[in-house]
Amino acid sequence: MKKRVTIVQMAVELGAPEENYKHALALLEKAMKDNPDIIVLPETWNVGFFPKDNLKELADKDGARTKAFLSEFAKAHDVNIVGGSVAVLREGKVYNTTYIVDRSGAVISEYDTVHGFSPSGEHEFFQGGTRTHAFKLDGIPCSSVICYDLRFPELFRTETIKGVDLFFVPAEWPDIRVNHWVTLNTARAIENQMYLCAVNGCGTAGDTKYGGNSLLISPWGDELIHCGGSEEIQIHEIDLDIIKNIRESINVFRDRKPECYKL
């Protein structure tokens, strides 16, 4: 099975949801010119990462606006969307939430980032999630995490031992640690023998410069897409049929010994 995956590396305006929804729509429409099967957005593209002074006021209440926005576009254009993540207000608490939307416009899965980035105080402003998630796009078994979650391989293995062929990592990862970003994403793809699509933001927010360098990585660790540091859209076709042979040639899932691991 072959599918075309599009990365939308977006420059997000801090604390400006109206501008960001308009800009996201323009980028999504531009991305459709290459006829993708799946489009992927970065983290907190509705408000940026993250406006501390008025986050609750700016967050999308119950995700209603974002879900309607993504669903309408997906259905109208017959495309799957991994909606990066958005700041969402639910029951008085703010979550950093991913929405997965299929071609019919149905929201088929949601995920709240589990690990808040404590050096920036994210854990004090966003409520942490408590679970992983799995979903299928065009029959492909998939999963995703968000940004800082990348540093916790347990999250990835929790889902990949169930059988995941395509993993997504939306982020707002800073330029100062972009080497970590590339290395960790590559490692997650290799150790789990899967395609990994990591979409980072770019541009600046306050004193922080975001690193771009969004990636699409093969199960062998080859870079199929490696974006630069500024806003761009890239597409590449992936071949899911190669995964079976890779996992049979180096069968890490068969050779695991979980009884020996103390976590």
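Participant: An account of the pairing of strand β12 (residues 202-205) is requested, with residue identities and associated values reported.
Facilitator: Bridging between β12 and strand β13 (residues 208-211) involves 4 bridges; their strand directions are antiparallel. Residue pairing in the sheet places alanine 205 in a bridge with threonine 208 of β13. Hairpin connection from β12 to β13: 2 residues lie between these consecutive antiparallel strands, with glycine 206 at a positive phi of about 65 degrees.

Participant: If you had to explain the packing of aromatic side chains to someone new, which residues and values would you point to?
Facilitator: A full pass over the atoms with the stated rule returns 11 aromatic pairs. Centroid distance phenylalanine 117 to tyrosine 148: 5.0 Å. Interplanar angle 80 degrees. Geometry classified as edge-to-face. Taken together, the residues span a long stretch of sequence, with phenylalanine 117 in the loop between β7 (107-112) and α4 (122-125) and tyrosine 148 in the loop between β9 (140-144) and α5 (153-160) at a distance of 31 residues. For the pair phenylalanine 117 and tyrosine 148, a shared accessibility class is recorded, and that class is buried.

Participant: Tell me about the sheet that holds strand β11 (residues 195-200), and name the residues and values.
Facilitator: Pairing is mixed in the open sheet, where 6 strands are placed in the order β8-β9-β10-β11-β14-β15. Two strands bound the open sheet, and with one partner strand each, they are β8 (134-137) and β15 (223-226). Direction aside, neighbouring strands of the sheet carry axes that sit 20 degrees apart on average. As defined by bridge partners, strand β10 (residues 166-171) adjoins β11 across 6 bridges and the pair is classed as parallel. By the bridge assignment, leucine 166 is partnered in β11 with tyrosine 195.

Participant: Which residues make up the packing of α5 against helix α6 (residues 178-192), and what are the values?
Facilitator: Interhelical geometry of α5 versus α6 gives an angle of 30 degrees and a closest axis separation of 11 Å. When the axes of α5 and α6 are compared, the pair comes out roughly parallel. Of the two possible hands of crossing, α5 and α6 adopt the one that is right-handed. Across the interface between the two elements, Pro153, Phe156, Arg157 and Thr160 from α5 touch Arg188, Glu191 and Asn192 from α6. Of the residues assigned to the contact of α5 with α6, the class counts are 2 nonpolar, 2 polar and 3 charged.

Thresholds, definitions, all that
- Position numbers for residues start from 1 in each chain and track the written sequence from start to end.
- Per-residue local features of the predicted model are confined to residues with pLDDT of at least 70, and side-chain atom pairs are confined, for both listing and counting, to 80 or more; whole-chain, interface and lining totals are unaffected and use all residues.
- As a rule here, side-chain values come from all non-hydrogen atoms in the structure, and water together with hydrogens is ignored.
- DSSP-based pairing: two strands are paired if at least 2 bridges between them are found.
- Working definition: helices are DSSP H or I runs of at least four residues, strands are E runs of at least two. Numbering for both runs from the N terminus.
- The aromatic pairing rule takes the rings of Phe, Tyr and Trp, using the six-membered ring of Trp, and pairs them if the centres are within 6.5 Å, calling planes under 30 degrees apart stacked, those over 60 edge-to-face and the rest tilted.
- Relative accessibility under 20% of the residue-type maximum defines a buried residue, over 50% an exposed one, and the middle range a partly exposed one, all with a 1.4 Å probe and only protein chains included.
- All axes are obtained by fitting lines to C-alpha atoms, using only the stretch in contact for helices, and the reported angles, taken between N-to-C directions, cover 0 to 180 degrees.
- Roughly parallel refers to an angle under 35 degrees, roughly antiparallel to one over 145, roughly perpendicular to one between 65 and 115, and oblique to any angle outside these ranges.
- What makes a crossing left-handed is the near helix being turned counterclockwise from the far one by less than a right angle; a clockwise turn instead makes it right-handed.
- Throughout, a residue-residue contact means that at least one pair of heavy atoms, one from each residue, lies within 4.5 Å.
- Residues are sorted three ways: Asp, Glu, Lys and Arg are charged, Ala, Val, Leu, Ile, Met, Phe, Trp, Tyr, Cys and Pro are nonpolar, and all the rest, Gly among them, are polar.

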